[in-house]
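Listed here are the chains, written in short residue letters.
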Amino acid sequence: MKKSVFLGTLAATALLAGYASAATLDDVKARGELNCGVNTGLVGFAAPDANGNWQGFDVAICKAVAAAVLGDATKIKYVPTTSETRFTALASGEIDVLARNTTWTFSRDTDLAFTFTGVNYYDGQGFMVKKDLGVTSAKELDGATVCIQTGTTTELNLADFFKVNNMSYQPVAIQTNAEGEQQFLAGACDAYTTDASGLAATRAAFASPDDYIILPEIISKEPLGPLVRQGDDQWADINRWVLNALVAAEEYGVTSANVEELSKGTDNPEINRMLGNEGDLGAMIGLDKDWAKRAVSASGNYGEIFAATIGESTPIGLARGLNAQWTQGGLLYSPPFR
Amino acid sequence: MATFADTPKANFRLGMLIYDTRYRSVTIQIVVLFLFMAGAAWLLNNLFTNLAERGKDLSFSFLWYRAGYDINQTLIPYTNDDTHFRAMLVGLVNTLLVAFLGCVAATIIGVVVGVLRLSSNWLVARLMTIYVEIFRNVPVLLWILVTFAIFTEVTPQPRDFKVTDQMIAEGQEPAASMLLFDSVAITNRGTFIPKIVYSRSLGEIHLGFLPISIDTLLVLASIVFGVLVFRAIGNNATKVQEATGVRPVTWWKRLLALFGPLLIVLVALGFSLQRPTLGGFNFTGGVLVLNSFMALWIGLTLYTAAFIAEIVRAGILAISKGQTEAAYALGLRPGRTMNLVILPQALRVIIPPLISQYLNLTKNSSLAIAVSYMDLRGTLGGITLNQTGRELECMLLMMLIYLVLSLLISSGMNVYNNAVRLKER
């Protein structure tokens, strides 16, 4: 009995590993559904709304990819992943793309054998504390107990930050943002640290957000972006250019409202090429002509997505900052569609 | 006339391997063995092929890279500049600590509850039954989480201990205060207890990765010495009593023997207790006993103790009533009957299932991850695995360590089992 269970487990593992090597685009088309790895729940980035539909900034990436590849932005299976399980889920083939505020780092790109398809949010690590603690700078946190999501880059940045500033701290390793929220609110830790955008999103979900402040220090660079398995270049290209299309669409003024009209032809050849009115860029990545049009109409261009999910008019209230277009002094810069 | 033909010579035919009962069992075993080996080889081949296809190799060199993360409970020295290997050792020591303390506490509680469940006192016996049934029938993870919730939600935050000048002026009391002459602070992060410090410390010896404090060794030695002398005096008094019929007065000698050496050593080392004091965000000084550790320890202990109680009860019930009656006939009181007659015999029945409870407790300690206690699963199987991305290596290593740990406990207990089992002469 024991032996057979063991063999069964091994076989299942082996089969799962074998499954991962096929061409992802064909798999997704055959399945008719995109398996998209998202956060277990971070309001604004990826969280189910009151009706159980996933909404958010990262979810919009999933929708754009599904719309481009399958022609339907609803044909997505959302797989909630923790910071600990996300890479295993992607490596094993359980998900096709991971859009879960994940920092692009050297070792993840190379040693873990993933390919980052771009940056959808330029972020940095910050700290959140209770306002009545009287702390105004992260440099005053000597001796504090800090809640930190395990398996993240922030975990290592935290150790470095306290070391460089010659301060001590007590780490409390937590698994999900929800657990961190609960521990932080219960006062089990003095400070909660993660990406500043994540802090803003978490704070917005508190009962009384004004009792908490996010400290001004940003202690690291955290370029967050979607990623896929290394070795399937076509699938990586699709994901990269869907993201670029969203960014370029904002730059050229293509919105979900006017994309239908603009796709009939404009006097800007770049828009024409992108939306399939001129040439056939879609065929080069194994899709049809209208891929970018569908991607943009799924939830709008980058700017629309930002404004609707995490922008200044939402409870999360993030300013564009580094995430503005390069023409506006930000870092968003899509390579040309040619 | 009757001629007996020779028994026909057994000509071996291939079919006999299946149809002849003499060979059949061997045949089947060999076939199954080959199938098993082929299956294992296929799976291993599959594993290595897939690893190679994904450009991953099986390498343990990551163990020697800088870990870069911090751990909140380190019984052996560790900083984030140490290697992943050392982080693994820190986790292993944390696992061993909670497993050892859990086994000890579970055994004590289990034996007491098991014995009391057979008590003739109706109320006590029923209360113990309720304890056993409640703890045995709810998953241990829930007990750990419940204990953790109690520790973090009910206890005050360190800042509640703060006394400001304004509060003194207004005659306000702080929201929380320390216990036992301001030496113990129970907070929602952990319990701060006084730390033993020696002003004339003798330093440490480094045993590989493990520094051992000479002071602690000396103190332990003086306690052992004291106990030995204590017992020697007692034995001597018994001898005198048996020879003369009068027991000499020894209580002050024995007390002196027990505490004298210890006191001398402590004074010589300049012993003092360092109290935790509130500074900044947390208490500083003293020793922090983490709530996650307490929750894990108490959860595992109470859960496993319920099983041990049942094992003890079964062991006692397995001893025939005649033994009790014989002991009573000799004039032994119930307490001594239990300690001298019943329990020693019951141990033979109790030990084997007790071993598996110890193994269970040790393996269940990997539930530490639920309360962020940094055990082996938290360091090697958690942060190291995530930061290096070496899932297979970390899992294999972790399985190996738990296997070795379990085998060690099991063999240790087997030695004890052999010592107490029925000696047949």
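Residues numbered from 1 in each chain as written. Chains lettered and ligands numbered in written order. Predicted model: local features only at pLDDT ≥ 70, side-chain atom pairs only at ≥ 80, totals over all residues. Heavy atoms only, no water.

Looking up chain B in an unreviewed UniProt entry gives the name General L-amino acid transport system permease protein, with the organism given as Albidovulum denitrificans. According to UniProt, the comment filed for chain B under the heading Sequence similarities (unreviewed entry) is "Belongs to the binding-protein-dependent transport system permease family. HisMQ subfamily." (UniProt positions renumbered as here; feature names shortened; annotations may be inferred.)

In its Sequence similarities (unreviewed entry) section, UniProt records this for chain A: "Belongs to the bacterial solute-binding protein 3 family."

### What to know about the domain arrangement of chain B
In terms of domain boundaries, chain B breaks down into domain 1 (84-157 + 291-420) and domain 2 (195-270). Taking the mean C-alpha position of each, domain 1 of chain B and domain 2 of chain B sit 31 Å from one another. (Domains from an automatic or database assignment.)

### A short note on the pattern of salt bridges
Scanning the model with the defined rule gives 18 salt bridges over all chains in all. With its nearest N and O atoms 3.7 Å apart, the salt bridge here joins B:R66 to A:D160. Of this pair, B:R66 sits in the loop between α2 (21-53) and α3 (84-117) while A:D160 sits in helix α6 (residues 153-164), which puts the two residues in different chains. Residue B:R66 is classed as partly exposed on the basis of its relative accessible area, which comes to 40%. Looking at A:D160, the relative accessible area reads 33%, which means it is partly exposed. Here A:E250 ties to A:R320 by a salt bridge, and the two come within 2.9 Å at their closest N and O atoms. Of this pair, A:E250 sits in helix α9 (residues 233-251) while A:R320 sits in the segment after α14 (302-309), and the two are 70 residues apart along the sequence. According to the relative accessible area criterion, A:R320 is partly exposed, its value standing at 23%. Overlapping salt bridges bring together B:R117, B:E133, B:R136, B:E310 and B:R313 as one network. (Salt bridge = Lys/Arg side-chain N within 4 Å of Asp/Glu carboxyl O. Helix = DSSP H or I, 4+ residues; strand = E, 2+ residues; numbered from the N terminus. Buried < 20%, exposed > 50% of the residue type's maximum accessible area, 1.4 Å probe, protein only.)

### Points about the interface of chain B and chain A
Listed by partner, the interface residues are 40 residues for chain B and 48 residues for chain A. Regarding the contact of chain B and chain A, the summed buried area is about 3500 Å², with carbon and sulfur atoms giving 48% of it. Put simply, chain B and chain A have four salt bridges between them. In this structure, A:K163 and B:D81 form a salt bridge, with 2.5 Å as the shortest nitrogen-oxygen distance. In this assembly, chain B and chain A are joined by 12 residue pairs in polar contact (both at pLDDT 80 or more). Listed by contribution, the elements that provide at least two residues to the side of chain B that touches chain A are α2, α5 (140-154), β9 (287-290) and α12 (376-388) of chain B. Top contributing element to the side of chain B that touches chain A by residue count: α12(B), with seven residues. Partitioning the side of chain B that touches chain A into residue classes produces 13 nonpolar, 15 polar and 12 charged. (Contact = heavy atoms within 4.5 Å. Buried area = accessible area lost by both parts, 1.4 Å probe. Polar contact = N/O pair within 3.5 Å; in protein donor to acceptor, adjacent residues only side chain to side chain. Nonpolar A, V, L, I, M, F, W, Y, C, P; charged D, E, K, R; others polar.)

### Topic: the side chain of A:S334
All names here are of chain A. Here S334 shows up in the segment after α14. Reaching out from S334, the side chain makes a polar contact with the backbone oxygen of N244 at a distance of 3.4 Å. Leaving out residues up to four positions away in the same chain, S334 has contacts with N244, V247 and A248.

### Quick look at the UniProt feature "transmembrane region" (unreviewed entry) in chain B
In this numbering, the UniProt entry assigns the feature "transmembrane region" (unreviewed entry) to residues 26-44, 96-118, 130-151, 209-234, 255-274, 294-319 and 395-416 of chain B. With 100% helix and 0% strand, residues 395-416 of chain B has its two end C-alpha atoms placed 32 Å apart.

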